[in-house]
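Structural overview
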Amino acid sequence: MCGIVGYIGPKEAAQFLIEGMSKLEYRGYDSAGIAVFDGHKINVEKTVGRLGMLEKKIEQAPPKGHTGIGHTRWATHGRPSDVNSHPHTDCTGKFVVVHNGIIENYLHIKEKLIEKGHTFTSETDTEVVAHLIEEYYDGDFEAAVKKVLAEIEGSYALVFMTEYEPDKIICTKQDNPLVIGLGEGENFIASDIPAIINRTRKTFILSDGEMAIVTKDSVWVQNRQGVPITKKIFEVNWDAEAAEKGGYEHFMIKEIYEQPKAIRETMLGRLAKDDSSIILDELKWTKEDVAAIKKIVIVACGTAYHAGIVGKYYLEQLARMPVEVDIASEFRYRSPLVDESTLAIVISQSGETSDTLAALKEAKRLGARTLAVTNVVGSSISREADQVIYTWAGPEIAVASTKAYTTQLISMCLLALYIAGLKEAIAPERLKELIHGLKELPAQAHELLEDVEPIKTFAQQYGFNEDVFFIGRSLDYAVALEGSLKLKEISYIHAEAYAAGELKHGTLALIVEGIPVIALATQKDVYEKTLSNIKEVKARDAVVIGLAMQGDEQIKKYVDHTIFIPATEKYLTPILAVIPLQLLAYYAAITRGCDVDKPRNLAKSVTVE
Ligand code: F6R
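Being a predicted model, the structure only gives us computed values, none of them experimental.

1. Observations regarding the overall build of the chain
Looking only at helices and strands, one finds 19 helices and 24 strands in the chain. Over its C-alpha trace the chain gives a radius of gyration of 25 Å, about what one expects of a compact globule, namely 25 Å for 609 residues. Its C-alpha atoms put the chain at 80 × 55 × 45 Å along the principal axes. Relative to its full complement of 609 residues, the chain shows a buried share of 60%. For the chain, contacts bridging at least 24 residues in sequence account for 71% of all contacts bridging at least 6. Summing over all exposed atoms, the chain offers an accessible surface of approximately 23300 Å²; the carbon and sulfur share of this is 51%.

Spelled out as structure tokens, the structure:
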């Protein structure tokens, strides 16, 4: 994830910028850069690669000056490269900007600016911001920034500097964090607290829509209308390690809580404003392209494979496409029936999983069109595939995948609806309803995360059981698979997921008194059938935790405990239903004293066969 730092004061800015950026390294990045005002002009130094490469680059002649901004980039728009690294400048080099987030309408703005004669050097969305401010500047930096903000759409933390008014740095934010650190005769800016806690512990956090004008002696905060805002200053008392985790105990729980934001970012710019269509500019398929696809194969590993199973439901039911899903390590050795009329979709958070990469190459060798759904720009899988849909979840550090999974589901849903639209396989009204449902998800995920106490209690109550079963039908079964994997990998509890109707064909023999069974019952069309399966396990004295949709009063009669998710469209339930299961796994692992972020025997990126 990108990181931002800024400094204004009496000391050498570059020193703080490099130090601050090094504290943000844990977030993952692929390039780094700084811009420092030397008293006459702004000097920019940036490079693809680790921070060490930037330090080496500036070792002989570090940029001198007391005002500067810096950035570690985690590529979204445009691959990792020197020119795509931040800071970005306008045509004159007199304005610089660093940015976290995504400028949704950048293509439109870019076209307009090119017509006006601006020359772009990078593939990024951010560069439009630098050119826009050049366009609007007429002697008032603050007014120009306001005009830029009125034009851009999307999510951002933006920090600006200009040679014309070098005594100030201006920053603002929308849906991306930005912190101001207050020193004596110096002030600091950062996207995250770890960057500044070595220098000051007096901080405040900017809120959405606020703009801060930072000089060495003052920080003025106002809203877009220019109304002054008094911020509450707080003393950070976290240690450096806690600060990296944003005050959370583990990266996994931090990433679980990042899901509302991650889900929103995955959808950013991809849903038409009037809810009438899905915009996937990275594909730009025609009706003919879709008509040429006779079969889709989805290939992935682990959690990504589970996202593929949900993807199959989406593509079959919404877009009426025939779909096979396979585990990558199986697919590559089974002589799959794949040819030019096949679309092979590989799903991979890291984009580096060896089995998935090999499966992708095999599908290509057989002539398939290939599409990667991945989180990492410039990864091996993104480079190998014909086309890519990025999930934009931000870096995932905990070994157990959480926000990567939910954003993979969103991506698969968008793809299915995109194909359905092109095929006219879905009624416009139904498409609207689903898009509307998608738009509600970030707030609903947030709501779910507000009350975790009951889940903590279940985890404490059942965390010492050696076996747990998950059952569900249809999409609930797909989510059950992911819930059981989460529990296994971080709490080491033996967990199995079964299609609820399959229990009686063998597994029911394992259901005995006191065994916890987590029964997912969010799917209306198979609800009664699921209730029958719940009765089957209750009759064997299992302890049943029912996971159902808010408003379902009936379930309470059949289960011992309930977990409710906010009411949503049937296709969108997996995105919400998995969250309590992630939390259950997390708190069970805590109860058992497990190393949550680094479970035994597992690695984050599996680059061996
Ligand atoms: C489980 C988990 C793994 C990964 C799998 C594929 O929590 O993280 O099962 O999903 O190793 O990894 P990617 O998605 O990077 O290809």
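Here the narrative resumes.
2. A look at the sheet that holds strand β7 (residues 154-162)
Strand order in this open sheet of 6 strands is β5-β6-β7-β8-β12-β13, and the pairing throughout is antiparallel. What marks the edges here is a single partner per strand, and that holds for β5 (88-89) and β13 (219-222). Of the strand pairs in this sheet, strand β8 (residues 169-174) and strand β12 (residues 211-214) are connected by 4 bridges, and their pairing is antiparallel. The partner of I169 across the bridge, within β12, is V214.

3. Some thoughts on helix α15 (residues 428-450)
Its 23 residues give α15 an end-to-end C-alpha distance of 34 Å, which sits within 8% of 33 Å, the value for a rise of 1.5 Å per residue. At L441, α15 shows its strongest bend, of approximately 40 degrees, with the proline P442 following within four residues. Among all positions in α15, only L431, L434, I435, G437, L438, L441, P442, Q444, A445, L448 and L449 are buried. As for α15, its buried residues are in contact with α7 (251-257), α8 (259-267), α14 (403-423), β24 (561-565) and α19 (573-591).

4. Here we look at the site of the ligand
S348, Q349, S350, T353 and E489 are the nearest of the 13 residues found near the ligand. Measuring from an oxygen atom of the ligand, one finds a side-chain N or O atom of E489 at 2.4 Å. If the ligand stood free it would expose 400 Å²; the protein chains cover 90% of that surface. Going through the elements one at a time, α10 (302-317) and α17 (475-491) are the ones with two or more residues in the shell around the ligand. The leading source of residues in the shell around the ligand is α10, at 3 residues.

5. Some thoughts on the nonpolar core
Core analysis: the largest hydrophobic core is formed by 99 residues, its most contacted members being W285, I296, Y314, I345, L415 and L438. Two domains each put at least three residues into this core: domain 2 (254-448) and domain 3 (453-592).

6. With respect to the packing of aromatic side chains
Scanning all chains against the criterion turns up 10 aromatic pairs. Ring pairing ties together the aromatic residues Y7, F16 and F188, which thus form one cluster. The positively charged end of R270 is found above the aromatic ring belonging to W392, 4.1 Å away from the centroid. One cation-aromatic arrangement involves K570 over Y571; the distance from NZ or CZ to the ring centre is 5.2 Å.

7. Let's talk about the UniProt feature "domain: Glutamine amidotransferase type-2" (unreviewed entry) in the chain
Mapped onto this numbering, the UniProt entry annotates "domain: Glutamine amidotransferase type-2" (unreviewed entry) at residues 2-217. For the annotated span residues 2-217, helix accounts for 23% and strand for 32% of the residues, and the straight-line distance between the end C-alpha atoms is 27 Å.

8. Looking at the side chain of E165
Along the polypeptide, E165 turns up in the loop between β7 and β8. A polar contact of 3.1 Å, which involves the side chain of E165, links it to the side chain of Y137. Those residues in contact with E165 that lie beyond four places of it in its chain are Y137, G139, D140 and F141.

9. Brief notes about α19
Here α19 is 19 residues long and its end C-alpha atoms lie 28 Å apart, about the 27 Å a rise of 1.5 Å per residue gives. Buried residues dominate α19, accounting for 17 of its 19 residues. Phi turns positive one or two residues past the end of α19, at G593, with a value near 70 degrees.

10. Observations regarding the pattern of salt bridges
Where charged atoms from two side chains of opposite charge come close, those side chains can pair. Under the criterion given, the structure shown has 35 salt bridges. The partner of E482 in a salt bridge is K486, with the nearest N and O atoms 2.5 Å apart. Taken together, the residues span about one helical turn, with E482 and K486 both in helix α17 at a distance of 4 residues. Under the relative-accessibility criterion, E482 is labelled buried at 0%. Each of the salt bridges in this network shares a partner with another, and the network as a whole consists of K295, E324, D326 and R334.

11. Description of the packing of α17 against α19
At their nearest, the axes of α17 and α19 sit 9 Å apart, and the two run at 20 degrees to each other. Between α17 and α19, the interaxial angle falls into the category roughly parallel. The chirality of how α17 crosses α19 is right-handed. In contact with L475, V479, E482, G483, K486, L487, I490 and S491 of α17, α19 contributes P574, A577, V578, L581, Q582, L584, A585, Y586, A588 and A589.

12. Here we look at the sheet that holds strand β2 (residues 31-37)
Taken together, 8 strands build an open sheet; the order of strands is β3-β2-β4-β1-β10-β9-β11-β14 and the sheet is antiparallel. The open sheet has two edge strands, β3 (42-48) and β14 (234-235), and neither has a second partner. By the bridge criterion, 6 bridges tie strand β1 (residues 3-8) to strand β4 (residues 67-73) in an arrangement that is antiparallel. Within β4, the residue paired with I8 across the bridge is T67. Contacting β2 and β3, helix α2 (residues 51-58) runs over the sheet at an angle of about 135 degrees to β3.

Thresholds, definitions, all that
Residues numbered from 1 in each chain as written. Predicted model: local features only at pLDDT ≥ 70, side-chain atom pairs only at ≥ 80, totals over all residues. Heavy atoms only, no water. Helix = DSSP H or I, 4+ residues; strand = E, 2+ residues; numbered from the N terminus. Rg over C-alpha atoms; globule rule 2.2 N^0.38 Å. Buried < 20%, exposed > 50% of the residue type's maximum accessible area, 1.4 Å probe, protein only. Contact = heavy atoms within 4.5 Å. Areas by Shrake-Rupley, 256 points an atom, 1.4 Å probe, with all protein chains shown as cover. Pairing = 2+ DSSP bridges. Expected span 1.5 Å × (residues − 1). Bend = angle between axes of the 7 residues up to and from the residue. Near = heavy atom within 4 Å. Polar contact = N/O pair within 3.5 Å; in protein donor to acceptor, adjacent residues only side chain to side chain. Core = buried A, V, L, I, M, F, W, Y, C linked by side-chain atoms within 4.5 Å. Domains from an automatic or database assignment. Phe/Tyr/Trp six-rings, centres within 6.5 Å; stacked < 30°, edge-to-face > 60°. Lys NZ or Arg CZ within 6 Å of the ring centre and 35° of its normal. UniProt positions renumbered as here; feature names shortened; annotations may be inferred. Salt bridge = Lys/Arg side-chain N within 4 Å of Asp/Glu carboxyl O. Axes fitted to C-alpha atoms, helices over the stretch in contact; angles between N-to-C directions. Parallel < 35°, antiparallel > 145°, perpendicular 65-115°, else oblique. Left-handed = near helix turned anticlockwise from the far one by under 90°.

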